[in-house]
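Below are the chains, spelled out letter by letter.
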Amino acid sequence: MDSQELNQRGNWGSKIAFIFAASGSAIGLGNIWRFPMMVGLKGGAIFVLTYILSVIFIGFTVMLAELTIGRHAKKNPVGAFNFIKPGSPWKLVGYMGVITGVFILSYYAVVAGWAAGYLYKTTIGTFRRLSTFSGEEAWEVSDIIFKNFSANPLEVLICLFIVIALTTFVISKGVKGGIERWSKILMPALFFLIIILAVRALTLPGAETGLSFYLKPKLSEFNADVIFFAVGQAFFSLSLGMGTMMTYGSYISKKDNLVSSAGWVCFSDVLVALLAGIIIFPTLFTTPGISPDKFQAETGLMFQVLPIVISKMPGGNIFGILFFILLLIAALTSTISLLEVPTAYLIDERNWKRSKAAFVIGLSSFLLAIPSALSHEAVKIFTKLKIMANMDLIFGNIMLAIGALFISIFLSYSWKTKNALKEIESGNKHFSLKPFWLINIKFLAPIVIFIILIFIIIKTITG
Ligand code: TRP
């Protein structure tokens, strides 16, 4: 590898810088918006438990696989498969990732836009009056505010545009100047605020009902659906299955320890998701009239609940402003990582300039995002087709699972684990989790993912 090529692609400043940037990619709306929604839809605590097991056994395994492939090839996903197995059809998996990234970005950016809208609303004091209402009324008002906002085409499109424009701007600045600088300061700040909110939610009178829905598993709720969505949530939340971590791995130095890096990213990601649930569920179920057994989560869950906790904090408004700023930034460090994959592809494989690649992909994502943005009662047909929910099912669950399946098969049976181990061991002489990882990457991950995919196909066909 000549040094000029390396310089043009950029590299992380240090191992810590990588961990921050990769956690920045992983931690985002997936943890704070999507995770509680999934918990609310798929059986509460049993989902939480299945999700944690999925991260340990499958998420961590696939993350290490992606980082290893990425660092070895020093390329975007398409280039990486092509580098390791030149001329083989494996590069199609890379293309699949590039496309999946653009589609995930298209609805993810809409939700990030909602966060931007909520930042504005908090700033002008829209939620201040919530503190004067009783539980049930506060919920109703908050629900109406969300529904009016998400159904307003002009507002959601402006917010969406802001998010995509900011993402494109940071991406056009490249790895070090852009992604790294942002993540290092802001992720710890977000973490701090989340802990404060969690403490507030836990001390609300009646918080136990929510906590027990969230943390006491009911075996009767367990079924194949739970496994499918828990594994899907693990991939989504850890940014796996489409080559994001491969691309981020391609900027890691040979000397760094991939195993502990992957471990740290998984750990911090799960921690933030679990804390987000601790904010949402106790608050939700202290609202009279909303009970765990009848409850069905909607896409707006986080936006309906958060203003309520915030209004119950001393200095709530300022706190709310800070929280939404950080949430928006957490979302941006994730949108950046989604956009970085197609951008790196155009730079490496098509020799485009970084700024041009970022602009073209940014514009395409904006156009693709319009149907999702308008699918919350703004435009009838998009609402009826449930565009956002279905995009999330297809790209956020199914495509990521297919991607992860191919990645684990590729590493184990095409590239071969002995070559992957050489790459891993170049930065970690004593890879003590080796047997655990080998069993998981060769057998457990591909088998479990294959079975859940068959299950979802049968379920879709039989309705
Ligand atoms: N993991 C991010 C989150 O939880 C979203 C994300 C960023 C992502 N890059 C990804 C999801 C790649 C899937 C694949 O918010």
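Computed from a prediction, not measured in an experiment: that's the story for all the values here.

Asks: Looking at this structure, I do not really get the overall build of the protein chain. What am I missing?
Replies: If you tally the helices and strands in the protein chain, you get 19 helices and zero strands. For the protein chain, whose C-alpha radius of gyration is 21 Å, the value lies close to the compact-globule estimate of 23 Å for 463 residues. The C-alpha extent of the protein chain, read off along each of the three principal axes, is 65 × 45 × 40 Å. Taking all 463 residues of the protein chain together, the buried fraction comes to 59%. A fraction of 85% describes how many contacts in the protein chain between residues 6 or more apart in sequence connect residues 24 or more apart. With an accessible surface of roughly 18100 Å², the protein chain has 69% of that area assigned to carbon and sulfur atoms. Distance between charge centroids for the protein chain: 8 Å, based on 38 positive and 23 negative side chains.

Asks: Honestly, the pattern of salt bridges in this entry has me stumped. Any pointers?
Replies: For side chains of opposite charge, pairing can occur when their charged atoms come near one another. One pass over the structure, following the stated rule, counts 10 salt bridges. The partner of K459 in a salt bridge is D225, and the shortest N-O contact between them spans 2.9 Å. Placement of K459 in helix α19 (residues 434–462) and of D225 in helix α11 (residues 224–237) is noted, with a sequence separation of 234 residues between them. Judged by relative accessible area, K459 falls into the partly exposed class, the value being 35%. The class for D225 is buried, based on a relative accessible area of 14%.

Asks: Before we go on, may I ask you to explain the nonpolar core in this structure?
Replies: W114, F235, F323 and W437 are the most contacted members of the largest nonpolar core, which totals 164 residues. In terms of residue count, the dominant contributor to this core is helix α6 (residues 91–123) (17 residues).

Asks: Even after reading the chapter, I still don't get the site of the ligand, so can you show me in this structure?
Replies: Near the ligand lie 17 residues; those nearest to it are A26, G30, Y108, F236 and S239. S25 has a polar backbone atom sitting 3.3 Å from a nitrogen atom of the ligand. More than half of the atoms of the ligand fall within 2 Å of the grid points belonging to the largest cavity. For the shell around the ligand, the secondary-structure elements that each account for two or more residues are α2 (15–26), α3 (29–41), α6, α11 and α15 (316–350). Tallied by class, residues from the shell around the ligand come to eight nonpolar, nine polar and no charged.

Asks: Sorry if this is basic, but what is going on with the environment of I310 here?
Replies: Checked against the element boundaries, I310 lands in helix α14 (residues 301–311). Taking the C-alpha atoms as reference, I310 lies 29 Å from A369; in sequence the two are 59 residues apart. I310 has contacts with L197, G316, G320, F323 and F324, leaving out every residue within four places of it along the chain.

Asks: What is the right way to look at the environment of T247 in this model?
Replies: Following the sequence through the fold, T247 ends up in helix α12 (residues 244–249). Overall, T247 belongs to the buried group, its relative accessible area being 0%. Spatially, the C-alpha atoms of T247 and G289 are 47 Å apart, while their sequence positions differ by 42 residues. Not counting chain neighbours up to four residues away, the residues in contact with T247 comprise K75, N76, P77, E340, V341 and A344.

Asks: Explanation requested: the packing of aromatic side chains in the structure shown.
Replies: The geometry of an aromatic ring pair comes down to the distance between the two centres and the angle between the two planes. Applying the stated criterion across every chain yields a total of 27 aromatic pairs. Judged by centre distance (5.0 Å) and plane angle (65°), the ring pair of W90 and F410 falls under edge-to-face. You can see W90 sitting in the loop between α5 (77–84) and α6 and its partner F410 sitting in helix α18 (residues 387–425), a full 320 residues away along the chain. According to the relative accessible area criterion, F410 is buried, its value standing at 0%. Taking 4.9 Å as the distance between ring centres and 80° as the angle between the ring planes, the aromatic pair formed by F228 and F229 counts as edge-to-face. Considered together, F228 and F229 belong to a single accessibility category, that of buried residues. Here a set of aromatic residues connected by ring pairs shows up, and it is made of W114, Y118, F127, F146, F149, F303, F323 and F324. Above the ring of F236, the side-chain terminus of R34 is found at 4.3 Å from the ring centroid. Directly above the aromatic system of W352 lies the positively charged group of K356, at a separation of 4.1 Å from the ring centroid.

Asks: Explain the layout of surface pockets here, please?
Replies: Over the atoms rolls a probe the size of a water molecule, and in doing so it shows where empty space is left. The space that makes up the largest pocket amounts to roughly 760 Å³. Surrounding the largest pocket, 29 residues form its lining, L41, E298, T299, K386 and A389 being those nearest its centre. Secondary-structure elements contributing two or more residues to the lining of the largest pocket are α3, α7 (135–150), α11, α18 and α19. In terms of residue count, the dominant contributor to the lining of the largest pocket is α18 (seven residues). In terms of residue class, the lining of the largest pocket is built from 13 nonpolar, eight polar and eight charged.

Asks: How should empty space enclosed by the protein be read in this particular structure?
Replies: Within this structure, the stated rule accounts for three cavities of 30 Å³ or more. In this structure, the largest cavity encloses a volume near 130 Å³. S25, I104, F236, S239 and L338 are the residues nearest the centre of the largest cavity, which is lined by 15 residues in total. For the lining of the largest cavity, the elements supplying multiple residues, two or more each, are α2, α6, α11 and α15. In terms of residues, the lining of the largest cavity owes the most to one element, α15, which gives three residues. Looking at the lining of the largest cavity, its residues break down into eight nonpolar, seven polar and no charged. Lining the second largest cavity are P77, F81, V93, G97, G241, M242, G243, M246, G403 and I407. Those elements giving two or more residues to the lining of the second largest cavity turn out to be α5, α6 and α18.

About the cut-offs
Residues numbered from 1 in each chain as written. Predicted model: local features only at pLDDT ≥ 70, side-chain atom pairs only at ≥ 80, totals over all residues. Heavy atoms only, no water. Helix = DSSP H or I, 4+ residues; strand = E, 2+ residues; numbered from the N terminus. Rg over C-alpha atoms; globule rule 2.2 N^0.38 Å. Buried < 20%, exposed > 50% of the residue type's maximum accessible area, 1.4 Å probe, protein only. Contact = heavy atoms within 4.5 Å. Areas by Shrake-Rupley, 256 points an atom, 1.4 Å probe, with all protein chains shown as cover. Lys, Arg positive; Asp, Glu negative; His and termini not counted. Charge placed at Lys NZ, Arg CZ, Asp CG, Glu CD. Salt bridge = Lys/Arg side-chain N within 4 Å of Asp/Glu carboxyl O. Core = buried A, V, L, I, M, F, W, Y, C linked by side-chain atoms within 4.5 Å. Near = heavy atom within 4 Å. Polar contact = N/O pair within 3.5 Å; in protein donor to acceptor, adjacent residues only side chain to side chain. 1 Å grid on protein atoms, 1.4 Å probe; cavity = no way out; pocket = protein on both sides within 12 Å on 5 of 7 lines; lining within 4 Å. Sits in = over half its atoms within 2 Å of the grid points. Nonpolar A, V, L, I, M, F, W, Y, C, P; charged D, E, K, R; others polar. Phe/Tyr/Trp six-rings, centres within 6.5 Å; stacked < 30°, edge-to-face > 60°. Lys NZ or Arg CZ within 6 Å of the ring centre and 35° of its normal. Points joined across faces, edges and corners; volume = space filled by probe spheres on them.

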